[in-house]
Amino acid sequence: MTVKQVTLWRKEVQNAPGILAEVLEPLAASGANLRVVMGYALGDTGRAAVEVFPVTGKKLTQAATQAGLQPAQVAALFVEGDDRPGLGAAMARGIANAGVNIEFVVAQTVGRKFSAVFGFRSADDARAAAKAIKAAAKPARTAKPRRKR
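Student: For the nonpolar core, give the residues involved together with the corresponding values.
Tutor: Residues L77, V79, M91, I95, F118, F120 and I133 are the most contacted members of the largest nonpolar core, which totals 18 residues. Broken down by secondary-structure element, the contributors of at least two residues to this core are β6 (75-82), α3 (87-97), β8 (113-120) and α4 (123-137). Here F118 is in contact with A75, A76, L77, V79, M91, I95, I102, F104, V105 and I133, once residues within four sequence places are set aside. By size, the runner-up hydrophobic cluster in this structure holds 13 residues, among which are V23, A48, V50 and A63.

Here it is as structure tokens:
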């Protein structure tokens, strides 16, 4: 499993048909190969947010900036690895036991692999959560049955 701190790039937009395409098209034209795209309404405000990752390199950073995206203020972790039953619950419990509140999580499984983006209020919370996630990823030890003599 890999756990790394990442910077999401974000833009608030009008919640209307075609807006997501308008945000993504300049990135695609610059050669972006995005791993994460999130788009969601901001309640009943008529507004929405678009968040993407990764934005790296001069060309892509320039395209993102021109599209109105900016580095988000949320501390985020990108987590990926082999999936197994109960892993999401174990990560959530580990983060909770570390005393950290999750601001948001988006996760998916494809085949036997999973990826997730966790958001936190601060970089300190993200660091504590990263430790908890790594600990949760370790398979639980099972006691070996004793032999009868």
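Student: Tell me what's going on with the pairing of strand β7 (residues 104-110), and back it up with residues and numbers.
Tutor: Of the pairings in the sheet, the one linking β7 to β8 comprises 7 bridges and is antiparallel in character. In the strand pairing of β8, V106 is matched with V117. Between the antiparallel neighbours β7 and β8 lie 2 residues, among them G111 with a positive phi of about 65°.

Student: I'd like a description of the environment of I133, backed by residues and values.
Tutor: Relative to the elements of secondary structure, I133 occurs in helix α4. Residues I133 and V100, 33 residues apart in the sequence, show an inter-C-alpha distance of 12 Å. Setting aside anything within four residues of it in sequence, one finds I133 in contact with M1, V3, L77, V79, M91, I95 and F118.

Student: Account for helix α1 (residues 19-29), naming residues and giving values.
Tutor: Along α1, the residues that are buried comprise I19, V23 and L27. One face of α1 carries all of its buried residues, which in axial projection span an arc of 65°. Across α1 from its buried face, at more than 90 degrees, point the exposed residues E22, E25, A28 and A29. Residues of α1 that are buried sit in contact with β2 (9-14), β4 (47-53) and α2 (58-66).

Student: Describe the confidence of the model for the protein, listing the residues and the values that go with them.
Tutor: This prediction gives the protein a mean pLDDT of 93; 93% of its residues lie at or above 70. Element-level mean pLDDT values for the protein span from 95 in β7 up to 98 in strand β5 (residues 70-71).

Student: How would you sum up the packing of aromatic side chains? Please name residues and give values.
Tutor: Applying the stated rule across the entire model yields 2 aromatic pairs. Note on F118 and F120: the rings are 6.3 Å apart at their centroids and 10° apart in plane angle, and the pair reads as stacked.

Student: A description of the sheet that holds β6 should follow, citing residues and the corresponding values.
Tutor: Here we have 4 strands laid out as an open sheet, ordered β1-β6-β8-β7, and antiparallel in their pairing. Strands with a single pairing partner mark the edges of an open sheet, and in this sheet they are β1 (2-6) and β7. Within the sheet, the average angular offset between the axes of one strand and its neighbour, ignoring direction, is 15°. Where β6 meets β8, 8 bridges bridge the pair, whose relative direction is antiparallel. Residue pairing across strands places G81 opposite F114, the latter belonging to β8. Of the strands in this sheet, β6 and β8 are in contact with α3, which crosses β8 at around 25°. Of the strands in this sheet, β1, β6 and β8 are in contact with α4, which crosses β6 at around 15°.

Student: Describe the environment of L27, with residues and values.
Tutor: Here L27 lies in helix α1. The exposure class assigned to L27 is buried, which follows from its relative accessible area of 0%.

The rules we used
Residues numbered from 1 in each chain as written. Predicted model: local features only at pLDDT ≥ 70, side-chain atom pairs only at ≥ 80, totals over all residues. Heavy atoms only, no water. Core = buried A, V, L, I, M, F, W, Y, C linked by side-chain atoms within 4.5 Å. Buried < 20%, exposed > 50% of the residue type's maximum accessible area, 1.4 Å probe, protein only. Helix = DSSP H or I, 4+ residues; strand = E, 2+ residues; numbered from the N terminus. Contact = heavy atoms within 4.5 Å. Pairing = 2+ DSSP bridges. Arc of directions from axis to C-beta. pLDDT = per-residue confidence, 0-100. Phe/Tyr/Trp six-rings, centres within 6.5 Å; stacked < 30°, edge-to-face > 60°. Axes fitted to C-alpha atoms, helices over the stretch in contact; angles between N-to-C directions.

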